[in-house]
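Structure at a glance
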Protein chains: 2
Amino acid sequence: MSETPIGSRTLEVSLGERSYPIHIGPGLLGEPDALAPWLAGRQVMVVTNEVVAPLYLARCRASLPADAEVRELVLPDGEATKTLESVSRIWDALLEAGFNRRCTLIALGGGVIGDMVGFAAACYQRGVAFIQVPTTLLSQVDSSVGGKTGVNHALGKNMIGAFWQPRAVLIDTETLETLPAREFSAGLAEVIKYGLIRDADFLGWLEGAMEDLRALEPMALIRAIECSCALKAEIVAEDETEQGVRALLNLGHTFGHAIEAHQGYGKWLHGEAVGAGMLMAAELSARLGWLDEAEVSRVRDILLAAALPLSVPADMSVEDFLVRMRLDKKNIDSRLRLILLRSLGDACLSHETTPELLEALIEAFPRA
Amino acid sequence: MSETPIGSRTLEVSLGERSYPIHIGPGLLGEPDALAPWLAGRQVMVVTNEVVAPLYLARCRASLPADAEVRELVLPDGEATKTLESVSRIWDALLEAGFNRRCTLIALGGGVIGDMVGFAAACYQRGVAFIQVPTTLLSQVDSSVGGKTGVNHALGKNMIGAFWQPRAVLIDTETLETLPAREFSAGLAEVIKYGLIRDADFLGWLEGAMEDLRALEPMALIRAIECSCALKAEIVAEDETEQGVRALLNLGHTFGHAIEAHQGYGKWLHGEAVGAGMLMAAELSARLGWLDEAEVSRVRDILLAAALPLSVPADMSVEDFLVRMRLDKKNIDSRLRLILLRSLGDACLSHETTPELLEALIEAFPRA
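Residues numbered from 1 in each chain as written. Chains lettered and ligands numbered in written order. Predicted model: local features only at pLDDT ≥ 70, side-chain atom pairs only at ≥ 80, totals over all residues. Heavy atoms only, no water.

Describing the overall build of chain A
Secondary structure summary: chain A contains 12 helices and 12 strands in total. For a compact globule of 368 residues, the expected C-alpha radius of gyration is about 21 Å, and chain A comes in at 20 Å, within 12% of that figure. Considering only C-alpha atoms, chain A reaches an extent of 65 × 45 × 35 Å along its principal axes. Taken over 368 residues, chain A has a buried fraction of 60%. A separation threshold of at least 6 residues defines the contact pool for chain A, and within that pool the share at least 24 residues apart is 75%. Of the roughly 13,600 Å² that chain A leaves accessible, carbon and sulfur atoms contribute 51%. Computed over 33 positive and 50 negative side-chain charges, the separation of the two mean positions in chain A equals 5 Å. (Helix = DSSP H or I, 4+ residues; strand = E, 2+ residues; numbered from the N terminus. Rg over C-alpha atoms; globule rule 2.2 N^0.38 Å. Buried < 20%, exposed > 50% of the residue type's maximum accessible area, 1.4 Å probe, protein only. Contact = heavy atoms within 4.5 Å. Areas by Shrake-Rupley, 256 points an atom, 1.4 Å probe, with all protein chains shown as cover. Lys, Arg positive; Asp, Glu negative; His and termini not counted. Charge placed at Lys NZ, Arg CZ, Asp CG, Glu CD.)

Considering the packing of aromatic side chains
All names here are of chain A. Applying the stated criterion across every chain yields a total of 4 aromatic pairs over all chains. Ring plane angle 15° and centroid distance 5.9 Å describe the contact between Phe202 and Trp205, whose orientation is recorded as stacked. In this pair, Phe202 and Trp205 are both assigned in helix H6 (residues 200-214), 3 residues apart and thus about one turn of the helix distant. Phe202 sits in the buried class, given a relative accessible area of 2%. In this structure, Lys193 packs its charged tip against the face of Tyr194, placed 5.0 Å from the ring centre. (Phe/Tyr/Trp six-rings, centres within 6.5 Å; stacked < 30°, edge-to-face > 60°. Lys NZ or Arg CZ within 6 Å of the ring centre and 35° of its normal.)

Some points on the domain arrangement of chain A
Residues and elements named next belong to chain A. When cut into domains, chain A gives domain 1 (2-176) and domain 2 (181-364). Computed over C-alpha atoms, the centres of domain 1 and domain 2 are 26 Å apart. Between domain 1 and domain 2, the contact holds 30 residues from the first and 28 residues from the second. For the pair domain 1 and domain 2, the summed buried area comes to about 2,500 Å², and 69% of that belongs to carbon and sulfur atoms. Area buried by domain 1 at its contact with domain 2 is led by Leu137, Val141 and Lys157, which between them contribute 23% of it. For the interface between domain 1 and domain 2, the tally reads 3 salt bridges. Notably, a salt bridge pairs Arg9 with Glu226, separated by 2.8 Å at the nearest N-O pair. Listing elements by their share of the side of domain 1 that touches domain 2, those giving two or more residues are strand S2 (9-13), strand S3 (20-25), helix H4 (137-141) and strand S9 (156-163). (Domains from an automatic or database assignment. Buried area = accessible area lost by both parts, 1.4 Å probe. Salt bridge = Lys/Arg side-chain N within 4 Å of Asp/Glu carboxyl O.)

Things to note about the relation of the copies chain A and chain B
The operation relating the two chain copies consists of a rotation about an axis and a shift along that axis. Mapping chain A onto chain B is achieved by rotating through 180° and translating by 0.0 Å along the same axis, at an RMSD of 0.0 Å. Both copies are brought into coincidence by an operation consistent with a two-fold rotation axis. An overlap of 100% is found between the interface residues of chain A and their copies at the interface of chain B, pointing to a shared contact surface. (Least-squares fit on C-alpha atoms with pLDDT ≥ 70 in both.)

Quick notes on the environment of Ala237 of chain B
Residue and element names in this part refer to chain B. Relative to the assigned elements, Ala237 resides in helix H7 (residues 218-238). Residue class for Ala237 comes out partly exposed when judged on its relative accessible area of 47%. Put simply, Ala237 and Pro26 are 211 residues apart on the chain and 27 Å apart in space, counted from C-alpha to C-alpha.

Notes on the packing of helix H8 (residues 253-263) of chain B against helix H9 (residues 270-287) of chain B
Residue and element names in this part refer to chain B. Where H8 meets H9, the axes come as close as 7 Å, and the angle between the chain directions of the two elements is 130°. It follows from the interaxial angle that H8 and H9 lie oblique. The two elements H8 and H9 cross, and the hand of that crossing is right-handed. Contacts from His253, Phe255, Gly256, His257, Ile259 and Glu260 in H8 reach His270, Ala273, Val274, Ala276, Gly277, Met280, Ala281 and Leu284 in H9. The residue makeup of the contact of H8 with H9, split by class, is 8 nonpolar, 5 polar and 1 charged. (Axes fitted to C-alpha atoms, helices over the stretch in contact; angles between N-to-C directions. Parallel < 35°, antiparallel > 145°, perpendicular 65-115°, else oblique. Left-handed = near helix turned anticlockwise from the far one by under 90°. Nonpolar A, V, L, I, M, F, W, Y, C, P; charged D, E, K, R; others polar.)

Some details on the interface of chain A and chain B
Contacts between the two partners involve 30 residues from chain A, matched on the other side by 30 residues from chain B. Interface area for chain A against chain B, summed over the two sides, is near 3,000 Å², with a carbon-plus-sulfur share of 58%. Taken together, chain A and chain B are joined by 0 salt bridges. Run the count over chain A and chain B and you get 8 residue pairs in polar contact (both at pLDDT 80 or more). For the side of chain A that touches chain B, the class distribution of residues is 13 nonpolar, 7 polar and 10 charged. (Polar contact = N/O pair within 3.5 Å; in protein donor to acceptor, adjacent residues only side chain to side chain.)

Focus: helix H10 (residues 293-305) of chain B
Residues and elements named next belong to chain B. Spanning 13 residues, H10 covers 18 Å between terminal C-alpha atoms, matching the ideal 18 Å at 1.5 Å per step. For H10, every residue scored as buried is listed here: Val296, Val299, Ile302 and Leu303. Looking straight down H10, one finds its buried side chains confined to an arc of 130°; they lie on one side. Structural note: H10 exposes Glu293, Ala294 and Leu304 on the side pointing more than 90 degrees away from its buried face. The inward-facing, buried residues of H10 contact helix H5 (181-198), helix H6 (200-214) and H9. Regarding H10, its N-cap is Asp292, as a side-chain oxygen of that residue lies 3.1 Å from the backbone nitrogen of Ala294 further along. (Expected span 1.5 Å × (residues − 1). Arc of directions from axis to C-beta.)

Some points on unusual backbone geometry
Its identity is not glycine, yet Ala307 of chain A carries a phi of approximately 65°, on the positive side. Here Ala307 of chain A lies in the loop between helix H10 (293-305) and helix H11 (318-327).

With respect to the packing of helix H5 (residues 181-198) of chain A against helix H7 (residues 218-238) of chain A
Residues and elements named next belong to chain A. Following both chains from N to C, one finds H5 and H7 inclined at 55°, their axes separated by 10 Å at the closest point. With respect to H7, the axis of H5 lies oblique. The two elements H5 and H7 meet at a crossing, and its hand is left-handed. Between H5, through Phe184, Val191, Tyr194, Ile197 and Arg198, and H7, the contact on the second element is made entirely by Leu221, Ala224, Ser228, Leu231, Lys232, Glu234, Ile235 and Glu238.

Considerations on the pattern of salt bridges
Residues and elements named next belong to chain A. Counted according to the given criterion, the structure contains 28 salt bridges over all chains. For the salt bridge of Arg59 with Glu174, the shortest nitrogen-to-oxygen distance reads 4.0 Å. With a gap of 115 residues between them, Arg59 in helix H1 (residues 52-62) and Glu174 in the loop between strand S10 (168-172) and H5 connect regions that are remote in the sequence. Ionic pairing is found between Arg198 and Glu238, a salt bridge with its closest N-O pair at 2.7 Å. Separated by 40 residues along the polypeptide, Arg198 in helix H5 and Glu238 in helix H7 bring together distant segments of the chain. Residue Arg198 is classed as partly exposed on the basis of its relative accessible area, which comes to 26%. Here Glu238 falls in the exposed class, since its relative accessible area comes to 51%. Sharing partners across several salt bridges, the network here consists of Glu79, Lys157 and Glu260.

This is the structure:
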């Protein structure tokens, strides 16, 4: 990490020849030539959605060199557009523009845009450059690191995709000013997750900083985003293609995916479902004797302070959870494995949950 | 390279942790458990086409372990099926079968099947295992090495794809017995290409072995395939993602693509167009003073011995060639670069061709 312009920070994600920087700060988008250093050539396509375009597309263009050949593609908003058909539209636009292997794709938007544009870049002429400009807290702390790209399929989320690293990530914290509060809270769930799985000090800092974060205080935002990205980068560097430790990033996700799938994707935000799922994982850890009640309360309190749900949908039965959880793609050869907490700041992949324990937990968990 | 069962050979393609073996020999397909060592788990999907299925699908199944959960998908034959829609059918089938990240795809067929199945494997759940069982000479000597996968787009060939390495390649030379003679000749064009670009000794051997090859003499086939794969592997190991020396593999391809595109893909076989393109490259090299007339004659003679065309379509004007050649995706930022021959066995990437020289060559080249 090094100091760049006052109030902004740069974090380097170390992946050998695929290493790249993450720049974090207020007002980065719109600075002249802010995106210039990472362009592969003059051909640039900015892909965004109908919500983000009127807010930030002009600033994005202002950060590109005057001599760039810039095309824009504005897709509909929302998880429902995260399909192979949308990615095909990007490929069509690239080919219609006559863009070659030295073009650069810029993903301006949240996680859906980032995942789709990253996948489009991964497979256009077998791989071209792309830059991420994430405009939601969730995408800033999650999609910025890890190289996961892809789309949903009727039969499952993120089933089609590739690992593909960006050339750079530019995070303008001012874009959070236009983010709906509910989406901001959903992003905080992932921030809290990094503390829970790997860094008790960061978790402690977050407990005190939650009010500043929700007030969008720039220095608090920069620290929360930087620490989150750094923690994720550490884990990804240890395990780039998700064979081992990277599974810990799925804390709360097996429960969360069950909620999202049962409700129909989009009704609960991903971060909301993960928030409730992390509380379920904490309570299950307590039932295994790993956490005490005070620790579970700390998890509940920080989720509450982030305005995240502490209960699951009233109409979800134990069976609804179990059926969905067995379908989760993290369960190699259909064995149920769960990420649990040995202590706050120390997650592990556990096979110790018995079906009875799991059923009792789900049965007793609050409904709303 | 090491001796395995009598009459078969194994070549190792060295790519660090993505290294894999190529097994070459008569009758390999059908040997019990021949495919077993490279399966990632019990879930296996064999993808083939309507022409290959009745000939070799049963043998392929016989080479899989009895306890494997095997699914089969039979696609239509031909380059016209090399589309994103076909790859989507593979993804649909994998998801409908409930296959997880430890499944294995087997590509049983020619280059079209190999390219599509490799791409499907590259992007299913962000990458699963695949094994190539190429059944045409072209796919045996070309797709076996290099990790190029992908599909065509209405606006260009191979525009959507990924680099993805197989776990293993199994080449049963007996599958060539059912290959139409014209397709066999097209495969020979690529074999000749390896000699021309990099190995004068191999070229010399080929000149003497052409009759044995066309008679499908097993030892000659094994040597031709093994040397071709080894030469390609050397080049790919030096340049896995096609930034430099790998471009030499495109000898004859810029001319060839122009012919294929003008005629409509499928009318000329790829290898036939490349064959004529290599003769054009040789003649252009002679016009630059790099080859003498005797050397150009050797190129013409070996192509003739392989039953490849020595002329280009009668209705193709100089302009038809030039328009198509400028669109070729190997031409970064629209500069025309050509692979030419400094001598037989030594190709180079050249910028020395003037438009006048190129036009004169195309003008004078035989039409049929």
